[in-house]
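# Structure at a glance
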Protein chains: 2
Amino acid sequence: MTAEPVQESRAASGCAAAPSAVLDGPVSHAISRVSRLHRIAAGRVLRELGLHPGQEFLMMHLWDSGAVRQSELIKAVGLDPSTVTKMLQRLEHAGHVRRRPDPSDRRASLVEATDASRGLLVEVRRAWGELERQTLEGLEAAECAELARLLGKVETALWTELARGGGADCGAASGEPDPC
Amino acid sequence: MTAEPVQESRAASGCAAAPSAVLDGPVSHAISRVSRLHRIAAGRVLRELGLHPGQEFLMMHLWDSGAVRQSELIKAVGLDPSTVTKMLQRLEHAGHVRRRPDPSDRRASLVEATDASRGLLVEVRRAWGELERQTLEGLEAAECAELARLLGKVETALWTELARGGGADCGAASGEPDPC
DNA sequence: CCTATTTGATTGGTCGGCCAAGCAATGGGG
DNA sequence: CCCCATTGCTTGGCCGACCAATCAAATAGG
């Protein structure tokens, strides 16, 4: 209808400047938006591999560490136990992971990536490289490093804040200490 | 627990892998983690107000812009139409939002915040201020600005990349008085 | 030894969020 | 005037993610 002005605004010119986005104020909004876009981008890249966004986190950890207790996996990725359970059920059903009871502790489960899933390893790594490239496109190396540093600081800030109020245990995989 | 050595694998220190940073995808990981923590923090702060994380986005826009077409709202927040529909259904059921058919276009809906919801306005603003404070705790003003700038760049980068692959309109929610 | 607490994992419920289809109304072109 | 593409929104399905509550097993305490 009548010359959609919106598309025009977003069109290279209007969007390229994107002064509004930068000045938009709250970092919180920016985090939410960036995260959402990032997730969508991840979904696009991973879709062809048969993985849904978020699952690659688990798989990468499993590929990296071999058979692990589910509780270890939970602490490593920092997700809710129920979330991990359901994700693993789907991944198991898809043939990407295998779960077996831990003989030394009959309530625990050992999780490991299947051999079949190994084929995905290189693809997923490539996809993540692509995603990283898309994410950091237009940023210089120094900016990238700075962004990583700042995100790290924000992460620790949020983390301590949450630990204070929520009493969540949370091993926090690679998180807090050691800010280089 | 078993004698499971702490898996302080190479990952933790993003700075160490400066040259190969792109391969490991530290920024992508960081974005995901920070976003998740941030969302949890937002949920904590908003829970007492009866809002779920994400809803405040819609409400803030509605408070700010009065009655709007649903399609305008969708473009403004940049979410999927179906997502907005369901969120609005819940918000309406909760009494925060009112929807009425647009007389000038019988397939469209006009959405507006209810008077009752206005009471939440100041609370939500306060909660977001609190959230912002938690998020940026430990960062200096210059770092905060730099983070905002970098996130803006990442956002536009992801955005153009997504627009290339999938039909995209562009809303670029912007232009509101936001104290930082 | 037998009970309390803690730990490991699962289920149920709800919400945000996406995609893919599906209508209903609008409006442009033949 | 009618047909057809477009726009606006909704539904259904699925997945990630949270919380709360539950159950089973292991361990600490009396």
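For the structure, check the block above.
Residues numbered from 1 in each chain as written. Chains lettered and ligands numbered in written order. Predicted model: local features only at pLDDT ≥ 70, side-chain atom pairs only at ≥ 80, totals over all residues. Heavy atoms only, no water.

## With respect to the overall build of chain A
The following threshold applies: For helices the rule is a DSSP run of H or I covering at least 4 residues; for strands it is a run of E covering at least 2, with both sets numbered from the N terminus onward. Burial classification: accessible surface area is computed with a 1.4 Å probe over protein chains only, and a residue below 20% of its type maximum counts as buried, one above 50% as exposed, and the rest as partly exposed. It only takes one pair of heavy atoms within 4.5 Å for two residues to be counted as in contact. Residue exposure ignores everything except the shown protein chains as possible cover, and the areas themselves are Shrake-Rupley values with a 1.4 Å probe.
When you go through chain A residue by residue, the secondary structure sums to 9 helices and 3 strands. Along the chain direction, N to C, the helices and strands of chain A fall in the order α-α-α-α-α-β-α-α-β-β-α-α. The buried share among the 180 residues of chain A stands at 45%. Considering only contacts within chain A whose residues lie at least 6 apart along the sequence, 50% involve residues at least 24 apart. As displayed, chain A has an accessible area near 9,400 Å², and 54% of this comes from carbon and sulfur atoms.

## Examining the pairing of strand S3 (residues 105-113) of chain B
Residues and elements named next belong to chain B. To be explicit about the condition: By the convention used here, strands pair only if DSSP detects at least 2 bridges between them.
Both strand S1 (residues 68-69) and S3 contribute to a ladder of 2 bridges, which runs antiparallel. Counterpart to Arg69 in the pairing with S3 is Leu110. Bridging between strand S2 (residues 97-102) and S3 involves 6 bridges; their strand directions are antiparallel. Across the sheet, residue Val97 finds its bridge partner in S3, namely Ala113. In textbook terms, the turn of a hairpin is the stretch between consecutive antiparallel strands, and for S2 and S3 this stretch comprises 2 residues.

## Quick notes on the protein's contact with DNA strand C
Which entries qualify depends on this criterion: The rule for a residue being near a molecule or strand is that one of its heavy atoms must lie within 4 Å of it. Residues adjacent in sequence count toward polar contacts only when both atoms are side-chain atoms; beyond that, a polar contact is any pair of N or O atoms within 3.5 Å, and within protein one must be able to donate a hydrogen and the other to accept it.
Surrounding DNA strand C, one finds 29 residues, the nearest of these being A:Ser71, A:Arg99, A:Arg107, A:Ser109 and B:Ser82. Across the atoms of DNA strand C situated within 4 Å of the protein, the share located in sugar and phosphate is 70%. At 2.9 Å, a side-chain N or O of A:Arg36 approaches a phosphate oxygen of DNA strand C. Within the backbone of A:Ser109, a nitrogen or oxygen atom sits 2.7 Å from a phosphate oxygen of DNA strand C. Mapped by element, the contributors of at least two residues to the surface near DNA strand C are helix H4 (27-47), helix H6 (70-77) and helix H7 (81-93) of chain A together with helix H5 (81-93) and S3 of chain B.

## What to know about the nonpolar core
Heads up, the condition is: Throughout, nonpolar core names a set of buried Ala, Val, Leu, Ile, Met, Phe, Trp, Tyr and Cys residues whose side chains join them through atoms within 4.5 Å.
Counting residues in each nonpolar core, the largest one holds 89 residues, and the members touching the most others are A:Leu147 and B:Leu147. Those residues within four positions of A:Leu147 in sequence are excluded, and the remaining contacts are A:Leu136, A:Leu139, B:Val27, B:Leu147, B:Leu150, B:Leu151 and B:Val154.

## Some thoughts on the sheet that holds S3(B)
On the basis of which strands lie adjacent, the open sheet formed by 3 strands has the order S1-S3-S2 (chain B) and antiparallel pairing. Of all the strands in the sheet, just S1 and S2 of chain B have a single pairing partner and so form its edges.

## Overview of the protein's contact with DNA strand D
The immediate surroundings of DNA strand D are formed by 30 residues, with A:Gln55, A:Ser82, B:Ser71, B:Arg99 and B:Arg107 found nearest. Backbone sugar and phosphate groups make up 72% of those atoms of DNA strand D lying within 4 Å of the protein. Within the contact set of DNA strand D, a base nitrogen lies 3.2 Å away from a side-chain nitrogen or oxygen of A:Arg107. Here a phosphate oxygen of DNA strand D sits 2.9 Å away from a polar atom, N or O, in the side chain of B:Thr85.

## Observations concerning helix H8 (residues 115-136) of chain A
Residue and element names in this part refer to chain A. For the record, the criterion: To estimate the expected span of a helix, count its residues, drop one, and scale the result by 1.5 Å. To get the bend at a residue, fit one axis to the 7 residues ending there and another to the 7 starting there, then take the angle between the axes.
With 22 residues, H8 ought to run about 32 Å at 1.5 Å a step, and its terminal C-alpha atoms sit 32 Å apart, in line with that. The principal kink in H8, of about 30 degrees, is found at Leu121. Residues of H8 that are buried include every one of Ser117, Leu120, Leu121, Val124, Ala127, Trp128, Gly129, Leu131, Glu132, Gln134, Thr135 and Leu136, and no others. The first or second residue beyond H8 is Gly138, which carries a positive phi of 95 degrees.

## With respect to the pattern of salt bridges
All names here are of chain B. The cut-off we apply is this: Definition used for salt bridges: Asp or Glu carboxyl oxygen within 4 Å of a side-chain nitrogen of Lys or Arg.
Enumeration over the complete set of coordinates arrives at 20 salt bridges over all chains. Note that Arg133 and Glu130 form a salt bridge whose closest N and O atoms lie 3.1 Å from each other. Of this pair, Arg133 and Glu130 both sit in helix H6 (residues 115-136), 3 residues apart, which is roughly one turn of that helix. Of the residues examined, Glu130 reaches a relative accessible area of 27% and is grouped as partly exposed. Where Glu146 meets Arg149, a salt bridge forms, and the shortest distance between an N and an O atom there is 3.0 Å.

## Quick notes on H6(A)
Of all 8 residues that make up H6(A), 6 are buried, and the element is covered over most of its length. A:Gln70, A:Glu72, A:Leu73, A:Ile74, A:Ala76 and A:Val77 are the residues of H6(A) that are buried. Looking at the buried side of H6(A), the elements it contacts are helix H5 (55-65), strand S1 (68-69), H7, strand S2 (97-101) and strand S3 (109-113) of chain A together with helix H2 (26-47) of chain B. Trailing H6(A) by a residue or two, A:Gly78 shows a phi angle of about 75 degrees, which is positive.

## Things to note about the packing of aromatic side chains
All names here are of chain A. Quick reminder of the rule: Any two rings among Phe, Tyr and Trp, with Trp reduced to its six-membered ring, count as a pair given centres within 6.5 Å; such a pair is stacked if its planes are under 30 degrees apart, edge-to-face if over 60, and tilted if neither.
The tally for this structure, following the rule as stated, stands at 2 aromatic pairs over all chains. When the centroid spacing of 5.9 Å and the interplanar angle of 85 degrees are considered together, the rings of Phe57 and Trp128 count as edge-to-face. Within this pair, whereas Phe57 is found in helix H5, its partner Trp128 is found in helix H8, the two being separated by 71 residues in sequence. Judged by relative accessible area, Trp128 falls into the buried class, the value being 2%.

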